[in-house]
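# Geometric and topological summary
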2 protein chains.
Amino acid sequence: MPFIYPFDHAHPVAPKELKALLGGKGANLAEMTSVLGLPVPPGFTISTDACRAYLGNGWPDGLDEELDRHVGALEDRMGRRLGDPSDPLLVSVRSGAQFSMPGMMDTVLNLGLNDSSVEGLTRQTNDERFAYDSYRRFIAMYARIVLGLDPEPFERLLVEAKQRVGTENDGELPPSELRRLAGAYLELVGELAGSPFPQHPRDQLRGAIEAVFRSWNGERAHAYREREGIPDDLGTAVNVQAMVFGNRDDRSGTGVGFTRDPATGEQGAYGDFLVNAQGEDVVAGIRITEPLSALQDQFPEVFAELMDVFARLERHFRDMCDVEFTIEQGKLWLLQTRVGKRTGVAALRMAVQMTKDPAIALTKEEAVARITPDHLDQVLHPRFAAEVVDVLTRGLGASPGAAVGRVYLDAASAVEAHAAGEPVILVRKETSPEDVRGMLAAEGILTTRGGLVSHAAVVARGWGKPAVVGADAIVIEEGGFRVGGRQVGVGDWISIDGTSGVVVAGRMPLAESAPPEEFEIVLGWADEIAFGKVGVRANADTADDAERARRFGAKGIGLCRTEHMFLQPDRLPIVRRMILAESPEEEASALEELFEAQRRDFRGILEVMSGLPVTVRLLDPPLHEFLPDVTALERAEAAGGLDDEGERLLAAARAWHEQNPMLGIRGVRLGVVKPGLYGMQVRALLAAAEDVARAGGEPIVEVMIPLTVSREELALARQWFDEARAASDARFEVRFGTMIETPRAALIADELAREADFFSFGTNDLTQMTFGFSRDDVEAKLMPAYLASELLAANPFKTVDPRGVMRLVRQAVEAGRRERPGLKVGVCGEHGGDPASIAQFVEAGLDYVSASPFRVPIARLAVAQSLMRAKDAAETA
Amino acid sequence: MPFIYPFDHAHPVAPKELKALLGGKGANLAEMTSVLGLPVPPGFTISTDACRAYLGNGWPDGLDEELDRHVGALEDRMGRRLGDPSDPLLVSVRSGAQFSMPGMMDTVLNLGLNDSSVEGLTRQTNDERFAYDSYRRFIAMYARIVLGLDPEPFERLLVEAKQRVGTENDGELPPSELRRLAGAYLELVGELAGSPFPQHPRDQLRGAIEAVFRSWNGERAHAYREREGIPDDLGTAVNVQAMVFGNRDDRSGTGVGFTRDPATGEQGAYGDFLVNAQGEDVVAGIRITEPLSALQDQFPEVFAELMDVFARLERHFRDMCDVEFTIEQGKLWLLQTRVGKRTGVAALRMAVQMTKDPAIALTKEEAVARITPDHLDQVLHPRFAAEVVDVLTRGLGASPGAAVGRVYLDAASAVEAHAAGEPVILVRKETSPEDVRGMLAAEGILTTRGGLVSHAAVVARGWGKPAVVGADAIVIEEGGFRVGGRQVGVGDWISIDGTSGVVVAGRMPLAESAPPEEFEIVLGWADEIAFGKVGVRANADTADDAERARRFGAKGIGLCRTEHMFLQPDRLPIVRRMILAESPEEEASALEELFEAQRRDFRGILEVMSGLPVTVRLLDPPLHEFLPDVTALERAEAAGGLDDEGERLLAAARAWHEQNPMLGIRGVRLGVVKPGLYGMQVRALLAAAEDVARAGGEPIVEVMIPLTVSREELALARQWFDEARAASDARFEVRFGTMIETPRAALIADELAREADFFSFGTNDLTQMTFGFSRDDVEAKLMPAYLASELLAANPFKTVDPRGVMRLVRQAVEAGRRERPGLKVGVCGEHGGDPASIAQFVEAGLDYVSASPFRVPIARLAVAQSLMRAKDAAETA
């Protein structure tokens, strides 16, 4: 196998399929040259094989000979020689790996210039200024990129030169000054590098190639691969290409074009260009670019040719492409093409359009495959509409979208300000159920503690409200907060981005979310792909949530928590009466009141979800969450004494206080300790279903028991369920199941399957217990260090742990289905909305995932994509 | 297969092997009759088959016919007929299941008496008083046991009869009064039962048999089987035996004998008897019994015969037997025999003696098999030496042994009282590391909260100090505590029994512990059985602990915790300085001071354990355990302000405060957060080992990392270890390993085995996380309800959970050894001292178990017994 392939090499397959060998850039250059016959400056690609060989054992045997031969062929073809003092060939050297990857060496231009070839360039172009400007740029670029020297001293010499001439513009430096500058640069290189600047073009070329190879192992590149899961042993290719000059004269220019508008998805060319400029000038933004359409007037023939190229590229790649092009003295050259990046709106529009375009004829599956979760996030949530400048601090982006408001530090004042028409950002150390009203009133939520599954994060995601959590640099004080050296007062404006976790001082402009009509079309296709295989449900606790979930396409409620119903201000006193009850009669009477309230709650949800299943989890949190804080009560007692009720509350709060509430008396354990409670909830649920059925609705009810650890617990709960069901006039579907959220439940899944019609994995708690990680304590305080030190590959609260937690999930699915064939299995933890987790759940054979309403579209997409990938993998295998 | 077997039935195998069919009592009666030819009153056994058939489908077909035939045969043999008005046969009816089982129907005596046969008995015995006394006893016994009537009204009639006569002694009732009483009893039965007392002996017999059958499913019997793991479907046998009368005259009597002293194990007969009495009189304790030796004077021939019987029984059963016997008019009858219960001392002595007795020739294995963990506990710990009368309350027996002392409520006053020579019982809500000095000063510890692995329980067991925990009826107040309606003040005497959990008012006399010399002999045999297979180590944190562990036969330290070293009063300020350090220099200097202290600690332990491995667990608990309580500090701040140091401590305590410390930043996570810490500990350990080696000792060092969840954590810790080791002049064995105490560690054991020379299962934490049970919160508050409702078969903190936790253990052992053949695997949780858990660990193939020093003997025994059982099972299979 050779190491080097010219762009016009006769590959046995289409070069665009050879990205592993040629890298993305090289593959597309070869495709344009050899398949499409487009005007690409000639050149060749040094393969990733060569890079791997180099990184393993140094400069490979035989590479020198190949390089000589291909450089010679390029010189013959161009009729110029590298370093020729009369008419030199210049080349660019660029990296190009299989996957686009920031952090690697990018580009060295004008390679081949030296003290004598610069004279040849002067003669050929009859433009000394151009030749010496190119030379001094090349020296500086080579010094920085290939030799790794500090650019600052070079910059200083340039500034001094401009001061001497009395200008601030590089372009106004006269040739004499540029020549002097080149000389000074050469001296500086000798000084800083300890050896003279390489004058021989072959030395320059080898230096540049080695620099590209080495940059594969650079720190940023390595980190990027780690994050994106790209293998470390792929290596990069190197592209060597004859230079063309867009800065040659006014019949020259350079530009970047897109075959469609990458921001909106509109059909028709889009881009920027500059007359008499090199590519870096377009990117640097020093000069103001002209829109591509302006090319039509100035270079009508080039424009026509470019439009033809665009059309051919789109047909050929069956996607929107972006293109770098250069015009040299009226002739069009294409320097690079690739499938273009796009916004969420554009991605959706283009995907749908291209299914209708007979030249492209995208299938629905292909259209779905082209949408990323980020695309959907963009169209679902507002974003900052301007560059962020004044960053106060960063936390964890816990609920996507951007929000702007005035700072308030407690729920009451947040509610008040909201009522007065002010937009509010609620800033808290952490949130608890008592803050819920304030959170609801706020535009966004910012906490200084807690992780991605803290109370604030979970509640905010449930509402689709932006939230940044665990911003631990913030110190909340009387009247505001302090961060770094700065003070932010109550009432001051701040802006937060719940996607990136950034907290910004002042009011950022927002771009509002507006899903285009193609959103529904593409997700409809995703649903078709998933139909009958894997469903998407939503976690929703109220009729409003359920309504939203249904609007976002949820095929049921996978988790309806009942605790929020208990925390309503009108319910809390009843719940407390139940907890404080001193006789069975008192307890029963409190439960009876709750029964009516719960019945109303459930009726609302079942009405909205008529025809779709609703999984109701019986009460889960420890009882002390419904009681006031012990410390607060103790303080009140010390201050002025408590009334009778207060004393009883204090006693109860003390009795129910727990060292480790996460591992305490909650879930079904509560059902055991307060046996009337679960029975009441089941009766209320069935009564609500009867109400709905009588009114012509079609309720489908699933009762779910939380925190199960033994078959006997489940059998006991099933008994309560069976009793309530027998007493009910039930003419609707009703099922009984359990959460699998303790490791033991997963380990004895076969036993549990005997009592359960369905399982739902609660992967939040399962992750906490499998790792012994309290989300409150560990995620914010320890996780950043763990991820930075690579002690964990990913945050297991974000993407489900494939080796530990998923092993339990897979074992449990298998054991459960062995015991009860057809057992329905789903997941209702936060992971149900995470695409990388969804892929694992689909692979494990789950029947559905349940996500917060705002994540439902993303889950629908991820499910379809996971199924397609699994199908591809099965077909390949 | 017949339902009924006479005692002299010709079974194809020895009847004593037929306990499943005949029950224990029936099998031994048949053995004595048919094999040994001993004088047993004739009778027959209705088999467990009949019971099972009855419980399934009612009175079995054919049983009546068999019963008729065997009753007829018995009547023929005895020359008397049931219900004969001239010379009636009387029988006893007794239950007898395969396993001795309280809670079932015991005995009905004198069955066959009715209004006419009582006259026959009068005539035959020429003793109206005896006949009517027997009749009225029979009616009352039948009414209570067979008919299930309330005994109270019968008792009242008896009292009234005695009042009429003017006596307080049953024996002084004249025949006329007894006759009247029998009549009144018969009337009362008719009244209470709704139908007349059965006069026909066959009806009486059938009623008694059915009552025995039914009692198999009685509540107490069921609960007992559940607790002891006896299957529910075995059923019980029924023994029908001709009555003999020890209360016939002064040439009659009854007694209970043991072939050796069951209290001391002394060779030679032991027992009690009563002249002219029935068995129930001996048991009831109304009359004062005479020692068996007195029989020699009063009934020399019977005595000689009995001694001969004793010798034959011992040879035959190869064990100490107990015997119920009756003398009727000078003739000896044996009513029952079984292998006798014994105290711990006796069990040990007899086991050893019987290996030397050529007639018995017990093997060492058999001797080991006969000792129970309870036997060892008895000889290791003091016990109450008198009957407990004044029980205050009950908690969980958390650390065995009894203790007596005066109540003190805090560590400081406990230490002070102890210094003044007072014995102390420290009574606390719960204990924390700050109470350790007070605990050390106390004779025993009593807490009102917490479970079997609470701080108090674990620490007390480690010291072998009696402890009762979770006595939640106790309310601690200013100056004492309240329990039920009673007040106990500071300084008052109480007694606690850490084996049973009983708390007693006042000073109980104690029987001190004193293991006999046979203790070491038997355990030596156990060690021989286990040699090369499974070792026993101890959990020990100090040189004193290690010394004790070695004395108790530990073959190494399986868990040396380092946190107690940090809590010493002279270390705590240094530890706090490390936590508060504001610069790396401050931290390093604190660590350096700790280094020297740790080195001394480790040196002491390694010296004691020279030649045996010592596994040192690096620091595990969350840092806030080394800081004062936040609330206390806040109170101090509110009261009078804190000094600078106080404010810094408060800030640190707040920063390190955690919602769920069990799942927080501890174990190796601490090592990550405070990277100098683990390195310092390893260096101190290696330096100590060098010291010991230089002094001629033979240190064997194992470094153990706690709370691992990922291979990368372990690799990082291994790096610290390798660095310290490379820097050390180590000429001793040193190994590196990890605890497996999170479910994830167990699930990725294959990965961890790549970095670890050994695994040690921390089954306390593994149980907490697998169940989601916080030991502090759940064990005391929820576990009693869970066990009572059979939601769990056993407390998983006491006996390791066979289905969940052990599944993880087995998977991890297998995966770890697959990855690293020969991987050493042990367990160091509290379960390492629990025999039922040890059996499971042995079966899972663990190399060692580690228990607290006082549990080491029990673990040695349990290991040997588990290995023998496994061998038997393998041979049977």
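All values reported here derive from a predicted model rather than from experimental measurement. (Residues numbered from 1 in each chain as written. Chains lettered and ligands numbered in written order. Predicted model: local features only at pLDDT ≥ 70, side-chain atom pairs only at ≥ 80, totals over all residues. Heavy atoms only, no water.)

What follows concerns the sheet that holds strand β20 (residues 474-477) of chain B. Residues and elements named next belong to chain B. Read across the sheet, three strands follow the order β20-β21-β22 without closing on themselves; strand pairing throughout is antiparallel. Two strands lie at the open edges of the sheet, namely β20 and β22 (486-489), each paired on one side alone. Looking at each pair of strands side by side, their axes are set apart by 25° on average, direction ignored. Here strand β21 (residues 480-483) runs beside β22; their pairing, made up of four bridges, is antiparallel. By the bridge assignment, V483 is partnered in β22 with R486. (Pairing = 2+ DSSP bridges. Helix = DSSP H or I, 4+ residues; strand = E, 2+ residues; numbered from the N terminus. Axes fitted to C-alpha atoms, helices over the stretch in contact; angles between N-to-C directions.)

Following the criterion strictly, the structure yields 123 salt bridges over all chains and no others. Ionic contacts of the salt-bridge type, sharing partners, join the residues A:R537, A:E702, A:E733, A:R735 and A:K824 into one network. (Salt bridge = Lys/Arg side-chain N within 4 Å of Asp/Glu carboxyl O.)

Attention now goes to empty space enclosed by the protein. Using the criterion set out here, one finds five cavities of 30 Å³ or more in the structure. Considering the residues around the largest cavity, the lining is formed by A:M78, A:R80, A:D87, A:P88, A:L89, A:L90, A:L121, A:Q124, A:A242, A:M243, A:F245 and A:R248. For the lining of the largest cavity, the secondary structure elements donating two or more residues are β4 (88-89) and α4 (117-125) of chain A. Size it by volume and the second largest cavity reaches roughly 60 Å³. Around the second largest cavity, the lining residues are B:R80, B:D87, B:P88, B:L90, B:L121, B:Q124, B:T125, B:F245 and B:R248. Broken down by element, the residue count for the lining of the second largest cavity peaks at three residues, all from helix α4 (residues 117-125) of chain B. In terms of residue class, the lining of the second largest cavity is made up of four nonpolar, two polar and three charged. (1 Å grid on protein atoms, 1.4 Å probe; cavity = no way out; pocket = protein on both sides within 12 Å on 5 of 7 lines; lining within 4 Å. Points joined across faces, edges and corners; volume = space filled by probe spheres on them. Nonpolar A, V, L, I, M, F, W, Y, C, P; charged D, E, K, R; others polar.)

We now examine the domain arrangement of chain A. Residues and elements named next belong to chain A. According to the domain assignment, chain A consists of domain 1 (4-242), domain 2 (253-339), domain 3 (382-511), domain 4 (562-622 + 658-732) and domain 5 (629-656). Listed per partner, the contact involves 18 residues of domain 1 and 18 residues of domain 2. Counting each side, the surface lost to burial between domain 1 and domain 2 is near 1,600 Å², with a carbon and sulfur contribution of 57%. Across the contact surface, domain 1 and domain 2 share one salt bridge. A salt bridge links R94 to E324; the nearest nitrogen and oxygen atoms lie 3.7 Å apart. The interface formed by domain 1 and domain 2 contains seven residue pairs in polar contact (both at pLDDT 80 or more). Only α1 (19-35), β6 (107-111) and α5 (128-145) provide two or more residues apiece to the side of domain 1 that touches domain 2. For the side of domain 1 that touches domain 2, the element with the most residues is α1, which contributes six residues. Considering only residue class, the side of domain 1 that touches domain 2 consists of 10 nonpolar, three polar and five charged. (Domains from an automatic or database assignment. Contact = heavy atoms within 4.5 Å. Buried area = accessible area lost by both parts, 1.4 Å probe. Polar contact = N/O pair within 3.5 Å; in protein donor to acceptor, adjacent residues only side chain to side chain.)

Counting 286 residues, the largest nonpolar core has A:F761 and B:F761 as the members making the most contacts within it. Setting aside residues no more than four positions away along its own chain, A:F761 makes contact with A:I740, A:L766, A:V809, A:A812, A:V813, A:V825, A:G826, A:V827, A:C828, A:G829 and A:L846. Judged by nonpolar contacts, the second largest core, of 59 residues, contains A:A50, A:Y135, A:F154 and A:A208. (Core = buried A, V, L, I, M, F, W, Y, C linked by side-chain atoms within 4.5 Å. Buried < 20%, exposed > 50% of the residue type's maximum accessible area, 1.4 Å probe, protein only.)

Here we come to helix α31 (residues 763-771) of chain B. All names here are of chain B. Among the nine residues of α31, nine are classified as buried, and the element is accordingly described as predominantly covered. Considered for burial, the residues of α31 that qualify are T763, N764, D765, L766, T767, Q768, M769, T770 and F771. Count one or two residues on from α31 and you reach G772, which has phi positive near 65°.

Note: strands within a sheet are paired through backbone hydrogen bonds, in either parallel or antiparallel orientation. All names here are of chain A. Here we have five strands laid out as an open sheet, ordered β1-β2-β7-β5-β6, and antiparallel in their pairing. Edge positions in the sheet fall to β1 (4-6) and β6, since each of these pairs with one other strand and no more. On average, each strand axis in the sheet is tilted by 20° relative to the strand beside it, whichever way the strands run. Two strands pair when backbone bridges link them, and strand β2 (residues 43-46) and strand β7 (residues 236-242) are joined in this way by four bridges, in the antiparallel orientation. Looking at the pairing, F44 lines up with V240 of β7. Packed onto the sheet, α1 meets β1, β2, β5 (91-97) and β7 and runs at close to 125° relative to β5.

Taken together, the contact pairs 53 residues of chain B with 53 residues of chain A. When residues of chain B are sorted by the area they lose upon contact with chain A, B:L663, B:R744 and B:L747 head the list and together hold 15% of the total. The tally of links from chain B across to chain A stands at four salt bridges. A:R744 serves as the salt-bridge partner of B:D801, at 2.6 Å between the closest nitrogen and oxygen. At the junction of chain B and chain A, the tally comes to 25 residue pairs in polar contact (both at pLDDT 80 or more). In terms of residue class, the side of chain B that touches chain A is built from 23 nonpolar, 12 polar and 18 charged.

Before going further, it helps to examine the UniProt feature "binding site: Mg(2+)" (unreviewed entry) in chain A. Residue and element names in this part refer to chain A. UniProt records the feature "binding site: Mg(2+)" (unreviewed entry) for E741 and D765 in the present numbering. For the residues just named, distributed over 25 residues, the greatest C-alpha separation is only 5.5 Å, placing them together at one site. Checked against the element boundaries, E741 lands in the loop between β30 (733-740) and α29 (743-747). Residues contacting E741, with those up to four places away along its chain left out, are D620, P706, L707, G762, D765, L766 and M769. A distance of 2.6 Å separates a polar atom in the side chain of E741 from the backbone nitrogen of L707. Relative to the assigned elements, D765 resides in helix α31 (residues 763-771). Under the relative-accessibility criterion, D765 is labelled buried at 7%. With residues near it in sequence (within four places) discarded, D765 still touches M662, R666, L707 and E741. (UniProt positions renumbered as here; feature names shortened; annotations may be inferred.)

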